Amino acid sequence: MLSFAWAVLAGFALGTPAVPFGLSISLAPPVALVAVLVGAAGCLVSAVFAAGWLRTRWRARRPARRPVTAGPAPERRRNRLDSATGRRARRVVDRYGVIGFGIVGPALFGTWGSALLGTALGLPRWRLIGWLMAGVTLWCTVMLLASEALIDALGLG
């Protein structure tokens, strides 16, 4: 039972890379997968709702934009989503929508990063959580199969 709890905690903290950890503490592969998925679900829900709450608070406190007047051009403030990661996330969302972001996001940005980026991009919460869980499930399963194949190939099992 303690090993399951450790795997859940690792799934919460690390996401998909926690699958080999679950296997290394002698959990059966399906049990390790379930434990990591439970932890990742907690990670996604807490990150999406915390980031959504912070985004709402930030928008409420942000002063209204002043109209542009004649004269020198106002300085453009740097948007945090203008970084390379933000631009990549925006391209994925523009091209594939929430479904594509949910499936590809955990592989590109990690569990926490996908949840925070999706919320920052303004994607609907429950659709984001659902599709990110589908993506995490897919990538955890791939990680489980790859880990099992490597353990068998090296003769460690």
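In what follows, the accompanying structure is described. (Residues numbered from 1 in each chain as written. Predicted model: local features only at pLDDT ≥ 70, side-chain atom pairs only at ≥ 80, totals over all residues. Heavy atoms only, no water.)

When you line up the elements, T119 lands in helix α4 (residues 84-120). T119 has contacts with V48, A51, G52, R55 and L128, leaving out every residue within four places of it along the chain. (Helix = DSSP H or I, 4+ residues; strand = E, 2+ residues; numbered from the N terminus. Contact = heavy atoms within 4.5 Å.)

Bringing the nonpolar core into the picture now. Of all hydrophobic cores here, the largest spans 32 residues; its most connected members are F101, L123 and C140. Counting only elements with at least two residues in this core, the list comes to α1 (2-14), α2 (18-24), α3 (29-61), α4 and α5 (125-154). The leading source of residues in this core is α3, at nine residues. When sequence neighbours within four positions are dropped, the list of residues in contact with F101 reads A89, V92, V93, P106, F109, S114, L117, G118, L123, L128 and L132. (Core = buried A, V, L, I, M, F, W, Y, C linked by side-chain atoms within 4.5 Å. Buried < 20%, exposed > 50% of the residue type's maximum accessible area, 1.4 Å probe, protein only.)

Moving on: the environment of P106. Residue placement: P106 occurs in helix α4. Residue classification places P106 among the buried residues on the basis of a relative accessible area of 9%. For the pair P106 and T137, spaced 31 residues apart in sequence, the C-alpha to C-alpha distance is 9.7 Å. Setting aside residues up to four positions removed in sequence, P106 forms contacts with F101, S114, L132, G135, V136 and W139.

In this section: the pattern of salt bridges. Within the structure shown, the criterion is met by one salt bridge. Across the pair R90 and D94 runs a salt bridge whose closest N-O atoms are separated by 3.8 Å. One end of the pair is R90 and the other is D94, both in helix α4 and four residues apart, which spans about a single turn. Assessed through its relative accessible area of 56%, D94 is described here as exposed. (Salt bridge = Lys/Arg side-chain N within 4 Å of Asp/Glu carboxyl O.)

Let's shift gears to the packing of aromatic side chains. Counting across every chain of the model gives three aromatic pairs. When the centroid spacing of 5.3 Å and the interplanar angle of 90 degrees are considered together, the rings of F12 and W112 count as edge-to-face. Here W112 lies in helix α4 and F12 lies in helix α1, a separation of 100 residues in the sequence. Under the relative-accessibility criterion, F12 is labelled partly exposed at 32%. (Phe/Tyr/Trp six-rings, centres within 6.5 Å; stacked < 30°, edge-to-face > 60°.)

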